[in-house]
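Next come the chains, spelled out residue by residue.
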Amino acid sequence: AEIPLRGLSLVGVSLFLAIGTRQVVGTLERRTRQMRLAIMDERRRARQIAGMEAVGRLLAAGGPTPELLDATLGVLVDRFGYAHVAIYLADGARLRIGAQRGYETVIDEFDGTAGVVGRVMRTRELAFVPAVAADPDYVALNADVSSEICAPFLVDGQFLGILNVESTRILDRTDRDLVATLASRVATAVALGRDRQALAERAGLF
């Protein structure tokens, strides 16, 4: 009777150790994944900060000229991997292309009646579309696009244009915050550029 009892005890101990070991391994794997994600998030934030600083330096160097706007979009493509990016500037009641990267078919202007860009023109609010297939306003120019973020350029309530980002990967709230911050910086540069132009024109009159 003792031998079977000892056998049962050994089996019980083995099961207990196996379960305990599995739980420890599972905990270690979860913590390893969490650490890996934290490191990836930290690296992503570092790239974003570096990207924003690069954009700031570009715009401070000479204002929102077509060349510098194009270089700004180059930062978004090269550092953040956005497939299709564009800047449109307000011209009366319309938006006209200022610079673009990644588009084979380019829309030169928007009148605010269609698309996610049109919605932003009408509402003056950022549009964050994680899944373009689910948005009734989305107008497809590239079949591989999964997500879109369109951020308005607003300075003192004045609408100056938009920054539009379309991506082949799913964009998240971190991307949304990044695009919003970059749009704010470009908007400031556009406003300053227009103020300088207006001053130069008045000086020319005098």
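Keep in mind the model is a prediction, meaning the values are calculated, not measured.

Participant: Would you mind going over the overall build of the chain in detail, with residue names and values included?
Facilitator: When its secondary structure is counted, the chain shows four helices and six strands. Moving toward the C terminus, one meets the helices and strands of the chain in the order α-α-β-β-β-α-β-β-β-α. The burial tally for the chain puts 34% of its 206 residues in the buried class. Considering only contacts within the chain whose residues lie at least 6 apart along the sequence, 52% involve residues at least 24 apart. When the accessible surface of the chain is summed, it comes to about 12400 Å², and 58% of that surface belongs to carbon and sulfur atoms.

Participant: Go over the layout of surface pockets, please, and point to the residues and values.
Facilitator: Approximately 280 Å³ is the volume found for the largest pocket. Lining the largest pocket we find 22 residues, and of these I107, F110, V117, V139 and L141 sit closest to its centre. Only β1 (84-91), β3 (109-110), α3 (115-123) and β6 (158-167) provide two or more residues apiece to the lining of the largest pocket.

Participant: Explain the sheet that holds strand β2 (residues 94-101) residue by residue, including any values.
Facilitator: With respect to topology, six strands assemble into an open sheet ordered β3-β2-β1-β6-β5-β4, the strand pairing being antiparallel. What marks the edges here is a single partner per strand, and that holds for β3 and β4 (127-129). Sheet analysis places β1 next to β6, joined by six bridges and oriented antiparallel. Note that in β6 the partner of I87 across the bridge is L163. Seen against the sheet, helix α2 (residues 66-80) touches β1, β2 and β6 and runs at an angle of roughly 60° to β2. On the sheet, α3 packs against β2, β3, β4, β5 (147-155) and β6 and is oriented at approximately 30° with respect to β5.

Participant: So, unusual backbone geometry: which residues are in play, and what are the values?
Facilitator: The backbone phi angle of R124 is positive, close to 60°, even though this residue is not glycine. Structurally, the position occupied by R124 is in the loop between α3 and β4. A positive phi angle, near 55°, is found at D156, a position not held by glycine. Locating D156 in the fold gives a position in the loop between β5 and β6.

Participant: Describe the pattern of salt bridges, listing the residues and the values that go with them.
Facilitator: Charged atoms that come close allow side chains of opposite charge to pair. Taken as a whole and judged by the stated rule, the model has eight salt bridges. In this structure, D137 engages R119 in a salt bridge whose closest nitrogen and oxygen atoms are separated by 2.7 Å. Here the residue D137 occupies a position in the loop between β4 and β5, and R119 occupies one in helix α3, the gap between them amounting to 18 residues. Within the structure, one salt-bridge network assembled from shared partners comprises D91, R94, R96 and E109.

Participant: If you had to explain the nonpolar core to someone new, which residues and values would you point to?
Facilitator: Core analysis: the largest hydrophobic core is formed by 24 residues, its most contacted members being L76, Y82, I87, F153, L163, V165 and V179. Residue assignment for this core shows that the elements contributing at least two residues are α2, β1, β5, β6 and α4 (173-205). It is α4 that provides the largest number of residues to this core, a total of eight residues. Once residues within four sequence positions are removed from consideration, F153 is found in contact with I87, Y88, L89, Q158, F159, L160, G161, I162, L163, A183, V186 and A187. Core analysis: the next-biggest nonpolar cluster, separate from the first, contains 18 residues, Y88, L95, F110 and I162 among them.

Participant: Could you give an account of the environment of L95, naming the residues involved and the relevant values?
Facilitator: Considering the arrangement of structural elements, one finds L95 in strand β2. The spatial distance from the C-alpha of L95 to the C-alpha of G161 is 6.5 Å, given a sequence separation of 66 residues. Apart from residues lying up to four places away in sequence, L95 is in contact with Y88, L89, A90, D108, E109, F110, V117, M121, F159, G161 and I162.

Participant: Break down α3 for me, with residues and values.
Facilitator: Every buried residue of α3 is accounted for by G115, V116, V117, G118, V120 and M121. Where α3 is buried, its residues contact β2, β3, β4, β5 and β6. Following α3 by one or two positions, R124 adopts a phi angle in the positive range, close to 60°.

About the cut-offs
Throughout this document, residue positions are counted from 1 along each chain, in the order its sequence is written. It should be noted that, the model being predicted, local features are given only for residues of pLDDT at least 70 and side-chain atom pairs only at 80 or more, the latter also being counted only at that level, while totals for whole chains, interfaces and linings use all residues. Hydrogens and water molecules were not included; the side-chain quantities draw on all heavy atoms of the structure. Here a helix means four or more residues in a row that DSSP labels H or I, a strand means two or more in a row labelled E, and each is numbered from the N terminus. The cut-offs for exposure are 20% and 50% of the maximum accessible area for each residue type, with area from a 1.4 Å probe on protein chains only; residues under the lower value are buried, those over the upper are exposed, and the others partly exposed. Contacts: residue pairs with any heavy atoms within 4.5 Å of one another. The protein chains shown are the only cover counted for residues, whose accessible areas, like all others here, come from Shrake-Rupley with a 1.4 Å probe. Whether a set of points on the 1 Å grid over the protein atoms alone is a cavity depends on a 1.4 Å probe fitting there but being unable to get out, while an open set qualifies as a pocket with protein on both sides within 12 Å along at least five of seven lines; lining residues are those with an atom within 4 Å of a point. Grid points are joined across faces, edges and corners, and a volume is the space filled by probe spheres set on the points. Strand pairing follows a simple DSSP-based rule, namely that at least 2 bridges must link the two strands. For helices, the fitted axis covers only the stretch in contact; all axes are lines through C-alpha atoms, and the angles between them, taken along N-to-C directions, range from 0 to 180 degrees. A carboxyl oxygen of Asp or Glu within 4 Å of a side-chain nitrogen of Lys or Arg is what we treat as a salt bridge. Put simply, a nonpolar core is a bunch of buried Ala, Val, Leu, Ile, Met, Phe, Trp, Tyr and Cys residues held in one set by side-chain atoms that sit within 4.5 Å of each other.

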